[in-house]
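# Analysis of the macromolecular model
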Amino acid sequence: MISCSATNQLTIDLDALFGDPGTLALDPWDRGFAWQVQRPGEDEGFALFDPAAVPLFLVAREPAAAPWLARIPAQLLPGLLDFERSCREMVFPAMWFLSRYPRAVELFESAPLLVALLIHCARVGDWPMDTVVDLFSARRTRILDVCGLDGTRANLRLLGKLRCERFTRAEYLLLLRSRHLPGYEGLGHLRALDFRVLAFFLEHPAYATGRLFRGYDHDWPWAEFSRTRADITNMAGILGLGDMDDRMAACRDMDQLVRLHDRLVIRLNREKAKRIELVAFPEPPDPGNEHIKPIRDSRELACEGMSQHHCVASYHQRILAGRYYVYSVTAPERATLGVKLAANGEMTMDQLKLRYNGQPSAETRAMVAGWLAEAFRRSDCLPADDG
């Protein structure tokens, strides 16, 4: 499958690996890395910016490739394997340059994202090889300019902080679009930066200059943030408050955002209570038990939201439509359960929250899950059709 010659050229049988007739030959690092694919009836082919026919990580774990791998500088191989994880199609072109030009090695070791950017633009723009070689020795701001980005030190600082788990044309275009964000150059001062947060800023520009994301890190609670933001947006719409993104972006951290959410919950529940009329809800999918009680009308729903300080009152219309049901849980701890009803009558848990949207204990979750399983076994009890 993989063999190494006396001259340290590696030959890989593509047919044995992938069922693709042909072989891949890899020249050793110290003679200038290159690769050629040979297929039956075809001339040997080499194009510098073609993607690798075989992943480097696969070669690296093959014992037969050890002599060939030993020629790659020991300090570079781990970086090349990391580079391949985010830039799979660029690792062989990068190796071609690194094995020939010391300045390319210097750039790769200190700024691998700039190497990815340079190779991507050279491939798309069909740049002459001499141009690419010269750019490896150019100032980094010059590389940014040639690649269509603003060649400023602030931009270099931003790219140096940007974590790149995947770099393709999509990420490159995201970088181009990001230049037009308000306060773009200031993003380099964030604690951390990645393509996910850049994409979010492009969709919601208010957050790019607000305080909320100044403490952003790669373990940012995206799920909690998305739910909280969606709840605030929903409640603001009901209360006629308009777009809340500027106000949310001005929060100094997630705790302050949650407090904003809780104040709106109280306000919404008070407004609901003022004008609530008694509206009976459709029959629930299951009558519940001594610890799980269905919310049967609009006033009960308003009271549940006020007593638990959350936004369950905003589910009123969905309950009336028969797609959603809310239950009050009294033990092992006080909680509110929201369930969705599938076409076959099966209930699925949508959310289970304590007061102020707190997270329930494992014991409470297990009790509710057991009740849901039992309710499914009684699934002949479907919601009544109130026509």
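Residues numbered from 1 in each chain as written. Predicted model: local features only at pLDDT ≥ 70, side-chain atom pairs only at ≥ 80, totals over all residues. Heavy atoms only, no water.

Bringing a positive patch on the surface into the picture now. Residues Arg 211, Arg 214, Arg 247, Arg 252, Arg 259, Arg 263 and Arg 267 make up a contiguous surface patch of positive charge. The dominant element in the positive patch, judged by the number of residues it contributes, is helix H16 (residues 254–275), at 3 residues. Position of Arg 211 among the secondary structure elements: in the loop between helix H13 (206–209) and helix H14 (222–239). Residue Arg 211 is classed as partly exposed on the basis of its relative accessible area of 35%. (Patch = residues over 30% accessible without salt bridge, like charges linked within 9 Å, V, L, I, M, F, W, Y side chains within 5 Å. Areas by Shrake-Rupley, 256 points an atom, 1.4 Å probe, with all protein chains shown as cover. Salt bridge = Lys/Arg side-chain N within 4 Å of Asp/Glu carboxyl O. Lys, Arg positive; Asp, Glu negative; His and termini not counted. Charge placed at Lys NZ, Arg CZ, Asp CG, Glu CD. Helix = DSSP H or I, 4+ residues; strand = E, 2+ residues; numbered from the N terminus. Buried < 20%, exposed > 50% of the residue type's maximum accessible area, 1.4 Å probe, protein only.)

Across all of its chains, the model carries 12 salt bridges by this definition. When the shortest N-O distance is used, the salt bridge between Glu 89 and Arg 123 registers 3.6 Å. You can see Glu 89 sitting in the loop between helix H4 (77–86) and helix H5 (91–98) and its partner Arg 123 sitting in helix H7 (residues 112–125), a full 34 residues away along the chain. Accessibility expressed as a relative area gives 44% for Glu 89, which makes it partly exposed. Using a relative accessible area of 23% as the deciding quantity, one classes Arg 123 as partly exposed. Between Asp 150 and Arg 179 there is a salt bridge, and its shortest N-O distance comes to 3.9 Å. Of this pair, Asp 150 sits in the loop between helix H9 (140–146) and helix H10 (153–161) while Arg 179 sits in the loop between helix H11 (169–178) and strand S6 (193–194), placing them 29 residues apart in sequence. Arg 179 sits in the partly exposed class, given a relative accessible area of 24%.

For the rest of this paragraph, the subject is H14. Helix length check: H14 (18 residues) gives 25 Å between terminal C-alpha atoms against 26 Å at 1.5 Å per residue, within 8%. Those residues of H14 lying buried are Trp 222, Phe 225, Thr 228, Arg 229, Asp 231, Ile 232, Met 235, Ala 236 and Leu 239. Buried residues along H14 sit in contact with helix H12 (195–203), H13, helix H15 (245–249) and H16. (Expected span 1.5 Å × (residues − 1). Contact = heavy atoms within 4.5 Å.)

Sheet architecture is open: 4 strands sit in the order S7-S8-S9-S10, paired in antiparallel fashion. Pairing within the sheet leaves two strands with one partner each, and these edge strands are strand S7 (292–294) and strand S10 (347–353). Here the strands of the sheet are splayed against their neighbours by 30° on average, with no regard to which way each runs. (Pairing = 2+ DSSP bridges. Axes fitted to C-alpha atoms, helices over the stretch in contact; angles between N-to-C directions.)

Across the sheet, 4 strands lie side by side as S1-S2-S3-S4; this open sheet has antiparallel pairing. Edge positions in the open sheet fall to strand S1 (2–4) and strand S4 (35–38), since each of these has one partner strand only. Looking at each pair of strands side by side, their axes are set apart by 15° on average, direction ignored. In this structure, strand S3 (residues 23–26) lies alongside S4, joined through 4 bridges in antiparallel fashion. Bridge pairing in S4 places Leu 24 opposite Val 37.

Among the secondary structure elements, Arg 229 is positioned in helix H14. For Arg 229, a relative accessible area of 17% translates into the label buried. Within the structure, Arg 229 has its side chain in polar contact with the side chain of Asp 245 (distance 3.1 Å). Aside from chain neighbours lying at most four places away, what touches Arg 229 is Phe 200, His 204, Tyr 207, Asp 245 and Met 248. (Polar contact = N/O pair within 3.5 Å; in protein donor to acceptor, adjacent residues only side chain to side chain.)

Per the counting criterion, the structure on display carries 29 aromatic pairs. Each ring, one from Tyr 216 and one from Trp 220, has its centre 5.7 Å from the other, and the planes form 45°; the classification is tilted. Note on accessibility: Tyr 216 and Trp 220 belong to one class, buried. Here the aromatic cluster, defined as three or more aromatic residues joined through ring pairs, consists of Phe 200, Phe 201, Tyr 207, Phe 213, Tyr 216, Trp 220, Trp 222 and Phe 225. (Phe/Tyr/Trp six-rings, centres within 6.5 Å; stacked < 30°, edge-to-face > 60°.)

With that settled, consider unusual backbone geometry. That bond from Ala 331 to Pro 332 is cis: its omega, 5°, falls within 30 degrees of zero. Among the structural elements, Pro 332 can be located in the loop between strand S8 (324–329) and strand S9 (335–341). Even without glycine at this site, Asn 8 takes up a positive phi of about 70°. Among the secondary structure elements, Asn 8 is positioned in the loop between S1 and strand S2 (10–13). Take Asn 8: its relative accessible area is 3%, and that puts it in the buried class. Even without being glycine, Tyr 356 reaches a positive phi, approximately 55°.

A word on H11. If you check which residues of H11 are buried, you get Glu 171, Tyr 172, Leu 174, Leu 175, Leu 176 and Ser 178. Elements that come into contact with the buried residues of H11 comprise H7, H10, strand S5 (162–163) and H12.

It is characteristic of soluble globular proteins that their nonpolar side chains tend to be buried jointly. Of all hydrophobic cores here, the largest spans 102 residues; its most connected members are Phe 167 and Phe 213. Phe 213 has contacts with Leu 190, Val 197, Phe 200, Phe 201, Tyr 207, Trp 220, Trp 222 and Phe 225, leaving out every residue within four places of it along the chain. Core analysis: the next-biggest nonpolar cluster, separate from the first, contains 15 residues, Ile 292, Tyr 325, Tyr 327 and Leu 337 among them. (Core = buried A, V, L, I, M, F, W, Y, C linked by side-chain atoms within 4.5 Å.)

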